[in-house]
Amino acid sequence: MSLMPSSPTVNVVIQARASSARLPGKVLRRLGDRSVLGWVVRAALRTPGVDGVVVATSDAVDDDAVAEEARRHGAEVVRGPLDDVLARFLVACETFPADAVLRLTADCPLHDPALLAQVVALWRAQPELDYVSTTLVRTLPRGFDAELVRVPVLEEQARRPDGPHREHVTYGVVCDPGSYACAGVVVAPRADELRVTLDTEDDWALLDALVRELRVRHGEGPFAWRDVVALLRERDDLVAMNAHVEQKKVTG
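The rules behind each value
Residues numbered from 1 in each chain as written. Predicted model: local features only at pLDDT ≥ 70, side-chain atom pairs only at ≥ 80, totals over all residues. Heavy atoms only, no water. Helix = DSSP H or I, 4+ residues; strand = E, 2+ residues; numbered from the N terminus. Rg over C-alpha atoms; globule rule 2.2 N^0.38 Å. Buried < 20%, exposed > 50% of the residue type's maximum accessible area, 1.4 Å probe, protein only. Phe/Tyr/Trp six-rings, centres within 6.5 Å; stacked < 30°, edge-to-face > 60°. Lys NZ or Arg CZ within 6 Å of the ring centre and 35° of its normal. Core = buried A, V, L, I, M, F, W, Y, C linked by side-chain atoms within 4.5 Å. Contact = heavy atoms within 4.5 Å. Polar contact = N/O pair within 3.5 Å; in protein donor to acceptor, adjacent residues only side chain to side chain. Pairing = 2+ DSSP bridges. Axes fitted to C-alpha atoms, helices over the stretch in contact; angles between N-to-C directions. Salt bridge = Lys/Arg side-chain N within 4 Å of Asp/Glu carboxyl O.

### Side note on the overall build of the protein
Moving on, step 1. Of regular secondary structure, the protein possesses nine helices and nine strands.
Moving on, step 2. For the protein, the C-alpha radius of gyration of 18 Å lies close to 18 Å, the compact-globule estimate for 252 residues.
Moving on, step 3. Its C-alpha atoms put the protein at 55 × 40 × 40 Å along the principal axes.
Moving on, step 4. Going through the 252 residues of the protein one by one, you find that 52% of them count as buried.

The structure is reproduced here in structure tokens:
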């Protein structure tokens, strides 16, 4: 009798730190009934097809609170260099082995588990893919960014000691699509001009108002991304709160 092959392991790895340059402590801010980080962990834990959820924070003292908050919400925690995010991801992969990781950032509290599950399911259907994301061709609002990458690809990237990929973990993959098998999740109609990530006080004002209204309409969350977009399409006043905010540029 032959044994069925085991299913590949996919862990979510959430990068989080307290020392944001533009909005310090943002991931620990209270948004509704939980912290911003708590929203991200909850969405990850509710994502079908995921085997584990790990928060990768730094070993700096001011990230003790981040580690404590992550554990409080049910995530595993690893810690590593503050300025070398890729190294933290490798610690996560060594401590909690996986075939692929779904990379999330802790400043995107409105993640939709169903959307995350699409990314995971696409890779599980084609595990020869090196990279699957919602941003390969951006059609969703900024703040629904999710990237799945095979662990051997991360290990390959880590052999290069310097460069923007040390902070922006998948930079070397996204910028070299000829060397990697990549695929993306796209939606229609497009909504990529909208912004629901947290980098500034104006982002915070938008998220706070948005969540208040979403909770009235749809309960405690997590919310479907289409419900988020539908509300923003109704409310130009909300969109205007952070429409002027520019995303921080990646420098090579």
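### Let's talk about the environment of Leu207
Moving on, step 1. Checked against the element boundaries, Leu207 lands in helix α7 (residues 201-218).
Moving on, step 2. Distance in space between the C-alpha atoms of Leu207 and Pro109 is 8.7 Å, their sequence separation being 98 residues.

### Some points on the packing of aromatic side chains
We describe a pair of aromatic rings using the distance from one ring centre to the other and the angle between the two ring planes.
Moving on, step 1. Per the stated rule, a full pass over the model turns up one aromatic pair.
Moving on, step 2. Aromatic side chains Trp39 and Phe223 sit 5.7 Å apart centroid to centroid with 40° between the ring planes, which places their arrangement in the tilted category. With Trp39 in helix α1 (residues 36-45) and Phe223 in the loop between α7 and α8 (225-234), this pair connects stretches of sequence that are 184 residues apart.
Moving on, step 3. Judged by its relative accessible area of 1%, Trp39 is buried.
Moving on, step 4. Here the basic side chain of Arg29 rests over the ring of Trp204, its NZ or CZ set 5.2 Å away from the ring centre.

### Here we look at the nonpolar core
Moving on, step 1. Counting residues in each nonpolar core, the largest one holds 58 residues, and the members touching the most others are Ile14, Leu37, Leu110 and Leu210.
Moving on, step 2. If sequence neighbours within four positions are ignored, Leu37 has contacts with Ile14, Ala16, Val27, Val55, Val66, Glu69, Ala70 and Ala106.
Moving on, step 3. One finds Val54, Leu90, Val101 and Val173 within the second-largest nonpolar core, a separate group that totals 20 residues.

### Some words on the side chain of Arg34
Moving on, step 1. Examined against the element boundaries, Arg34 turns out to sit in strand β3 (residues 34-35).
Moving on, step 2. By relative accessible area, which is 17% here, Arg34 ends up buried.
Moving on, step 3. Here the side chain of Arg34 touches Asp33 through a polar contact of 3.4 Å, side chain to side chain.
Moving on, step 4. Setting aside anything within four residues of it in sequence, one finds Arg34 in contact with Arg29, Trp39, Arg42 and His73.

### Points about the sheet that holds strand β1 (residues 10-15)
Moving on, step 1. If you trace the seven strands from one edge of the open sheet to the other, you get β5-β4-β1-β6-β8-β7-β9, paired in mixed fashion. The sheet is open, and its two edges are formed by β5 (76-80) and β9 (182-184), each paired on a single side. Mean inter-strand twist for the sheet, computed between neighbouring axes without regard to direction, equals 25°.
Moving on, step 2. Bridge analysis of strand β4 (residues 52-58) against β5 gives five bridges, and the strand direction is parallel. Residue Val54 lies in a different strand from β5, and its bridge partner there is Glu76.
Moving on, step 3. Against the sheet, α1 contacts β1, β4 and β6 (100-105), and its axis sits at roughly 170° relative to β1.
Moving on, step 4. Where helix α2 (residues 64-72) meets the sheet, its contacts fall on β4 and β5, and the angle it forms with β5 comes to roughly 160°.

### Remarks on the pattern of salt bridges
Moving on, step 1. Under the counting rule described, the total for this entry stands at 20 salt bridges.
Moving on, step 2. A salt bridge links Lys26 to Asp107, with the shortest nitrogen-to-oxygen separation between them at 2.9 Å. With Lys26 in the loop between β1 and β2 (30-31) and Asp107 in the loop between β6 and α4 (113-125), this pair connects stretches of sequence that are 81 residues apart. Each member of the pair, Lys26 together with Asp107, is buried.
Moving on, step 3. Look at the salt bridges and you will find they share partners, linking Arg22, Lys26, Asp107, Arg195, Asp199 and Asp203 into a network.

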